2 protein chains.
Amino acid sequence: MFNAKMMRLGEERSAIRELFEYGNRRKREIGEENVFDFSIGNPSVPAPACVGEEIGRLLAEVPPETLHGYTSAAGLYEARRAVADYLREKFGAPMSPDLIYMTCGAAASLAVVLGAALQRGDEVIVIAPFFPEYRVFIEAAGGVCVPVPAGERFHLDLGAIGRAVTERTRAIIVNSPNNPTGAVYGREEIAALSRLLEEKSRGKDPILLIADEPYRELVYGREVPFIPNFYGDTVVCYSFSKSLSLAGERIGYIAVSPRCSGAEDLFSAVCGAGRGFGFVCAPALFQRVVMRCLGQSSDVEEYRKNRDLLFGALTEYGYACSEPEGAFYLFVKSPEPDAKAFSERAKKYELLLVPSDSFGTEGYVRVSYCVPKKTIERSLPAFGRLMEEYRR
Amino acid sequence: MFNAKMMRLGEERSAIRELFEYGNRRKREIGEENVFDFSIGNPSVPAPACVGEEIGRLLAEVPPETLHGYTSAAGLYEARRAVADYLREKFGAPMSPDLIYMTCGAAASLAVVLGAALQRGDEVIVIAPFFPEYRVFIEAAGGVCVPVPAGERFHLDLGAIGRAVTERTRAIIVNSPNNPTGAVYGREEIAALSRLLEEKSRGKDPILLIADEPYRELVYGREVPFIPNFYGDTVVCYSFSKSLSLAGERIGYIAVSPRCSGAEDLFSAVCGAGRGFGFVCAPALFQRVVMRCLGQSSDVEEYRKNRDLLFGALTEYGYACSEPEGAFYLFVKSPEPDAKAFSERAKKYELLLVPSDSFGTEGYVRVSYCVPKKTIERSLPAFGRLMEEYRR
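Remember, predicted model here, so these are calculated numbers, not experimental data.

**Q** Help me understand the overall build of chain A, please; the structure alone is not making it clear to me.
**A** Helix and strand counts for chain A come out as 14 helices and 12 strands. Taking 392 residues into account, the globule formula puts the C-alpha radius of gyration at 21 Å, and chain A, at 21 Å, falls close to it. The principal-axis extents of the C-alpha atoms in chain A amount to approximately 60 × 55 × 55 Å. Within chain A, the proportion of its 392 residues that are buried is 55%. Put simply, of all contacts in chain A between residues at least 6 apart along the chain, 75% involve residues at least 24 apart.

**Q** Even after reading the chapter, I still don't get the sheet that holds strand β5 (residues 169–174) of chain A, so can you show me in this structure?
**A** Whether parallel or antiparallel, the strands of a sheet pair through hydrogen bonds between backbone atoms. All names here are of chain A. What the seven strands build is an open sheet, ordered β2-β8-β7-β6-β5-β3-β4; its pairing is mixed. The open sheet is flanked by β2 (100–103) and β4 (144–149), the only strands paired with a single partner. Each strand axis lies, on average, 20° off the axis of its neighbour in the sheet, ignoring direction. One ladder, built from four bridges, connects strand β3 (residues 123–128) with β5; its direction is parallel. When the sheet's bridge partners are listed, Val126 is paired in β5 with Ile173. Sitting on the sheet, helix α6 (residues 105–117) touches β2, β5, β6 (208–212), β7 (234–239) and β8 (252–256), and the angle it makes with β7 is about 155°.

**Q** Could you clarify how one ought to interpret the relation of the copies chain A and chain B in this entry?
**A** Both copies of the chain are related by one operation, a rotation about an axis with a shift along it. With an RMSD of 0.0 Å, the operation that places chain A on chain B is a rotation of 180° combined with a shift of 0.0 Å along the axis. Expressed as an axis order, the relation between the two copies is that of a two-fold axis. Of every C-alpha in chain A, the one belonging to Phe277 of chain A sits nearest the axis of rotation, 3.1 Å from it. When the interface residues of chain A are mapped onto chain B, 99% of them again lie at the interface, so the same face is used by both copies.

**Q** Hey, could you run me through the interface of chain A and chain B in this one?
**A** One widely used convention gives an interface's size as the accessible area the parts lose upon coming together. With 67 residues of chain A at the interface, the matching set in chain B holds 66 residues. Looking at the side of chain A that touches chain B, the elements that each hand over two or more residues are α1 (4–11), α3 (49–61), α4 (64–67), α6, α7 (133–140), α10 (263–277) and α11 (284–292) of chain A. If you tally residues by element for the side of chain A that touches chain B, the top one is α10 of chain A, at 11 residues. Taken together, the residues of the side of chain A that touches chain B break down into 41 nonpolar, 18 polar and eight charged.

**Q** What am I meant to see in the sheet that holds strand β2 (residues 100–103) of chain B here?
**A** All names here are of chain B. Spatially, β2-β8-β7-β6-β5-β3-β4 is the arrangement adopted by the seven strands of the open sheet, whose pairing is mixed. Edge positions in the open sheet fall to β2 and β4 (144–149), since each of these has one partner strand only. Each strand of the sheet is rotated relative to its neighbour by a mean of 20°, with strand direction disregarded. Bridging between strand β5 (residues 169–174) and strand β6 (residues 208–212) involves four bridges; their strand directions are parallel. Among the inter-strand pairings, Ile173 is bridged to a residue of β6, identified as Ile210. Across the sheet, helix α5 (residues 77–91) is in contact with β2 and β8 (252–256); its angle to β2 comes to roughly 115°. Relative to β8, helix α10 (residues 263–277) is tilted by about 150°, and along the sheet it contacts β2 and β8.

**Q** How should the packing of α3 of chain A against α11 of chain A be read in this particular structure?
**A** In a pair of packed helices, the angle between the axes and the distance between the axes together describe the arrangement. Residue and element names in this part refer to chain A. As a packed pair, α3 and α11 sit with axes 9 Å apart at the nearest point and diverge in direction by 125°. Put simply, α3 runs oblique to α11. In this structure, α3 meets α11 at a crossing whose hand is right-handed. Judged by residue contacts, Cys50, Val51, Glu54, Ile55 and Leu58 of α3 engage Leu285, Arg288, Val289 and Arg292 from α11. The class makeup of the residues in the contact of α3 with α11 is six nonpolar, no polar and three charged.

**Q** Please explain the environment of Arg168 of chain B as it appears in this structure.
**A** On the secondary structure map, Arg168 of chain B appears in the loop between α8 (158–164) and β5. Apart from the residues lying within four places of it in its own chain, the contact partners of Arg168 of chain B are Gly121, Asp122 and Glu123 of chain B.

**Q** I would appreciate a short explanation of the nonpolar core in the present structure.
**A** Judged by nonpolar contacts, the single largest core of 277 residues is most densely connected at Val113, Ala255 and Val270 of chain A together with Val113, Ala255 and Val270 of chain B. Not counting chain neighbours up to four residues away, the residues in contact with Ala255 of chain B comprise Val83, Leu87, Met95, Leu99, Ile100, Val235, Val236 and Tyr238 of chain B.

**Q** Just checking my understanding: could you explain the environment of Tyr231 of chain A for this structure?
**A** Residue and element names in this part refer to chain A. With respect to the element layout, Tyr231 can be found in the loop between β6 and β7. With 26 C-beta atoms counted inside 10 Å, the residue Tyr231 sits in the buried group. Along the chain, Tyr231 and Ile190 lie 41 residues apart, while their C-alpha atoms are 8.5 Å from each other. Leave out the neighbours within four places in its chain, and Tyr231 touches Ser194, Leu197 and Leu209.

**Q** I keep staring at the domain arrangement of chain A and nothing clicks. Help me out?
**A** Residues and elements named next belong to chain A. On domain assignment, one finds that chain A holds domain 1 (4–48 + 298–391) and domain 2 (68–292). Contact residues are listed per partner, giving 29 residues for domain 1 and 28 residues for domain 2. Where the side of domain 1 that touches domain 2 is concerned, the elements lending two or more residues are α12 (300–317) and β9 (329–333). A per-element tally of the side of domain 1 that touches domain 2 places α12 first, with four residues. A per-class count over the side of domain 1 that touches domain 2 returns 15 nonpolar, 10 polar and four charged.

Analysis parameters
Residues numbered from 1 in each chain as written. Chains lettered and ligands numbered in written order. Predicted model: local features only at pLDDT ≥ 70, side-chain atom pairs only at ≥ 80, totals over all residues. Helix = DSSP H or I, 4+ residues; strand = E, 2+ residues; numbered from the N terminus. Rg over C-alpha atoms; globule rule 2.2 N^0.38 Å. Buried ≥ 20, exposed ≤ 12 C-beta atoms within 10 Å, placed from the backbone. Contact = placed C-beta atoms within 7 Å. Pairing = 2+ DSSP bridges. Axes fitted to C-alpha atoms, helices over the stretch in contact; angles between N-to-C directions. Least-squares fit on C-alpha atoms with pLDDT ≥ 70 in both. Nonpolar A, V, L, I, M, F, W, Y, C, P; charged D, E, K, R; others polar. Parallel < 35°, antiparallel > 145°, perpendicular 65-115°, else oblique. Left-handed = near helix turned anticlockwise from the far one by under 90°. Core = buried A, V, L, I, M, F, W, Y, C linked by C-beta atoms within 7 Å. Domains from an automatic or database assignment.

Below you can see the structure in the form of structure tokens.
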């Protein structure tokens, strides 16, 4: 009677959300401090001070009917200019305010770009493990999700990517710093990917590189190369959810590189998809807030401390995982082949770990360490006892 | 190369936005006070005091990582409960928090409900003149927009609606108080519509009534009947854009009536469509603000004064229009058959009036009187001189 695809999408709770809701129930049963919820990527470090300060200043200085009124569909021009100026200054890239589109966060950025770029049956390459909603947005846009396994230490496997390209390949999604592995792709890696995509695009419409970058600033001493400086046909999908700890406020942007073939056409299609999906404009107050907080970020050192503590202890206990270079996830090899069984066993110790199956890779769990340090400290004995089960 | 439908949608600026952008250019040329911009429905009356107060209180009392963090996809449970309680108390309707879905405003509410309810080729009846984005959202969901002309004084023409129903009719969108006519449908009218839809639904999947109600509180001494009390298969699409003057903040809700056939299935499909379009959750800060401001509204008296001033003067000058019962639009008959030509002629007097063609009705202009009273006062001589052109 209703749309069957949408019903299915609404009923199949994501594995992450499922575990998160289980955790909330469990906390009510045995007390919040006794559940070690590593399920969800909700920033635990508060927004930097500028966020609250700018909200206060805006409320005091801008009349409410202006402050909370509609903006242009693509966003306030001053916000778009501020983003373009920031990217130009920071990365020396020729970004233009006329190709910046303010969005309701990273999910909206991705859904809109895919809706704009894809025609029915177009293929989009994603690197497994990958954020599960990629498949949802690709399929909602009528496309086909083509997972390609990551290579060593979850970095790019260029050979595998090259083999996955077909006549129907329209785009590739690159997510660095990576959710769920914490990998950060280096300059040479991005340069090599760019050469591969250029070669594969010869004589046809160029393959679009969609750079999904919500974790750009959450990096531990590593450089995150700015991909539009390497590959012309790039669209950056950015979100302030993690960098400014504003995950619930739904604010981000799409930046179409002026070097994209048909950049203006793509931007028109972005505006069209935003309109068709019902976005109208990105939240007005937070457009004004983020344009004043560009270049600021929540305290990454807090996440680094969490990473060091958790990574150190888990490897000591015998868990296998590579050290995250960015983001706030640890991707841990399951001590038994079936990650779902391992995740279930972990629940006995009140440890909530997301099995990797829904990320398109088997045999791992994702541990989101964007939690209070105390939670990690209190959880360590549980991780220890859990591993002992496999040693007996 | 990109999605042609989305490109077209992005390129064809809506007539409203086109005129609005023209007005902004013109204001830069001749000064803001000399352009009489009646193009857009951006509330001119400030948000009620509770909005600013609650933002301040929330910033002071809730830790930022909680305040700005993700909520559940359907919204904070306490916000959903507050909405359901409010609707239950105010209208005596059996609404349930489990069937309330917080959205990014009315456009999102409509796009998501249509995406959830429609299958390819399903027909949706709209009453002409109608908000032009209805067609965009219906077609984005794979449906067919079926306009039915309004009857006397722009109220419902039940005969015409009955004749428009076919085997493929899936839904009807009802918008009262109405944009662009200001009509408010009364109890008997809604009851008669309900009887018609019940009769037409016999032996098939019931026709869904989508009640688009952003103007519910903006009414001049008229009752706005709560449609779920009349017709079981109703979904209310609400927005706080106009009632709390928060148009840019993108906050509203979908309320599926528990009396809907398959209410839970429809709610699942709503969750799925929200997920597929990339909504994640409605803006978190404003979910908390609106749940504390339910039942409040911007000062409707300001809009009433504008209506009385404008309606009185225009009818005196010889314009034909019916008196708006709600919302903040005056729908004025064009003194020449071609409303676009009239709108062009009005520009000579710096009057920006939206021709009705894009609303699916010819021969009228929409005058949005959500502007400062001073703008109306200063514009009246221009309206007078414009009419004189037709008297010569």
